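Residue-level structural notes
In case you want the letters, here they are:
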Amino acid sequence: PMDEHELRHMMYTAQLPDKGTWVIRYPRGCGSRPDWQCEMQELPVGRGRLMFCPENNTGGRKRLAILTVGPVGCDALRVAQEIGAAHYDMRFVKPIDGNILKEVAENYDCIVTVEDGTRNGGMGSAVTEWMQDNGYSITVRRLGMPDSFVEHGTVGELKSIVGIDAEGI
C-alpha cells in the first residue's frame, strides 16, 4: 500500500467474503500520514488509480507515466508533479490492472516503474510482460531493489542507495 489509508483499505478488503488469498506487503519504517485513521473502504481488486495527470498532458501522445506500487508512490507523486509526468498507483501486482496499462501504452511515450521490492520479477517485470503479451512497444525503465545484497540502513538511506528516492526517480 502507498500509505496508511491504503493499508487500512487493503486490510479491510482482504477480510471480506470471497476475496481470495491475499498477501499485503507491510512496509518497514515510518508512515507518511499523521492522519492515519480513516473510514475503511472496499477497494476494487486488481484496479489501480490515477494519482496525477498534469494539465498540459491533454490531447496527443504524452511524454512520461510513472507507475508505482507501495510507499515509494509518495515520493513518485511529488516528482510527477514537479516534472509534469502522470502518476499511477497500481495498488496490486497480481492481478495487475490491464486497463491502466492499455491506457498508458496507447497514450504515453515512456514508462518508469518504481517499487520498493525486487526489480526482477516484481511489478516492473509484470508491466513489461503485459506490454509484450499485448503487442505494445513502449520504453519501460524499471526502478527497484537489485538482485544483490544491499547494505543495512534506514529506509531513507536504502532508498537513496538503490535510486528509488525522489532524487533517483
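What you are looking at is a predicted structure, and each value in this text was computed from that prediction instead of being measured.

Definitions and limits used
Residues numbered from 1 in each chain as written. Predicted model: local features only at pLDDT ≥ 70, side-chain atom pairs only at ≥ 80, totals over all residues. Heavy atoms only, no water. Helix = DSSP H or I, 4+ residues; strand = E, 2+ residues; numbered from the N terminus. Rg over C-alpha atoms; globule rule 2.2 N^0.38 Å. Buried < 20%, exposed > 50% of the residue type's maximum accessible area, 1.4 Å probe, protein only. Areas by Shrake-Rupley, 256 points an atom, 1.4 Å probe, with all protein chains shown as cover. Lys, Arg positive; Asp, Glu negative; His and termini not counted. Charge placed at Lys NZ, Arg CZ, Asp CG, Glu CD. Arc of directions from axis to C-beta. Contact = heavy atoms within 4.5 Å. Polar contact = N/O pair within 3.5 Å; in protein donor to acceptor, adjacent residues only side chain to side chain. Axes fitted to C-alpha atoms, helices over the stretch in contact; angles between N-to-C directions. Parallel < 35°, antiparallel > 145°, perpendicular 65-115°, else oblique. Left-handed = near helix turned anticlockwise from the far one by under 90°. Nonpolar A, V, L, I, M, F, W, Y, C, P; charged D, E, K, R; others polar. Phe/Tyr/Trp six-rings, centres within 6.5 Å; stacked < 30°, edge-to-face > 60°. Pairing = 2+ DSSP bridges.

Regarding the overall build of the protein
Within the protein, the secondary structure is distributed over five helices and five strands. Computed over the C-alpha atoms, the radius of gyration of the protein is 16 Å, within 12% of the 15 Å expected from 2.2 N^0.38 for a compact globule of 169 residues. Over its C-alpha atoms, taken along the principal directions, the protein stretches across nearly 40 × 40 × 30 Å. Here the protein holds 169 residues, and the buried ones make up 43% of them. Carbon and sulfur atoms make up 48% of the accessible area of the protein, which totals about 9500 Å². In the protein, which carries 18 positive and 24 negative side-chain charges, the distance between the mean positions of the two groups comes to 2 Å.

Description of helix 3 (residues 98–107)
Among the residues of helix 3, Ile100, Leu101, Val104 and Ala105 are the ones counted as buried. For helix 3, the buried positions fall inside an angular range of 130° around the axis, keeping them on one side. Looking at the buried residues of helix 3, the elements they touch are strand 1 (49–52), strand 2 (62–69), strand 3 (86–89), strand 4 (108–118) and helix 4 (123–133). The N-cap of helix 3, judged by a side-chain oxygen 3.0 Å from the amide nitrogen of Asn99 a few residues on, is Asp97.

As for the packing of helix 3 against helix 4
The packing of two helices is summarised by the inter-axis angle and the distance between the axes. At their nearest, the axes of helix 3 and helix 4 sit 11 Å apart, and the two run at 70° to each other. On the basis of the axis angle, helix 3 is roughly perpendicular to helix 4. As for how helix 3 packs across helix 4, the hand of that crossing is right-handed. Each of Gly98, Leu101, Lys102 and Ala105 in helix 3 lies in contact with helix 4, whose residues at this interface are Val127, Trp130 and Met131. Of the residues belonging to the contact of helix 3 with helix 4, the class tally is five nonpolar, one polar and one charged.

Considerations on the packing of aromatic side chains
Evaluated as defined, the whole model comprises two aromatic pairs. Plain terms: the ring middles of Trp22 and Phe92 are 5.7 Å apart, the flat faces sit at 75° to each other, and that makes the pair edge-to-face. Of this pair, Trp22 sits in the loop between helix 1 (4–14) and strand 1 while Phe92 sits in the loop between strand 3 and helix 3, placing them 70 residues apart in sequence. Looking at Phe92, the relative accessible area reads 7%, which means it is buried. When the centroid spacing of 5.8 Å and the interplanar angle of 10° are considered together, the rings of Trp130 and Tyr136 count as stacked.

Things to note about the sheet that holds strand 5 (residues 139–145)
With mixed pairing, the five strands of this open sheet are ordered in space as 1-3-2-4-5. The outermost strands of the open sheet, each flanked by one partner alone, are strand 1 and strand 5. Strand after strand, the sheet turns through a mean of 25° between neighbouring axes, direction not considered. Where strand 2 and strand 3 come together, four bridges link them in parallel fashion. The residue of strand 3 that forms the bridge with Thr68 is Asp89.

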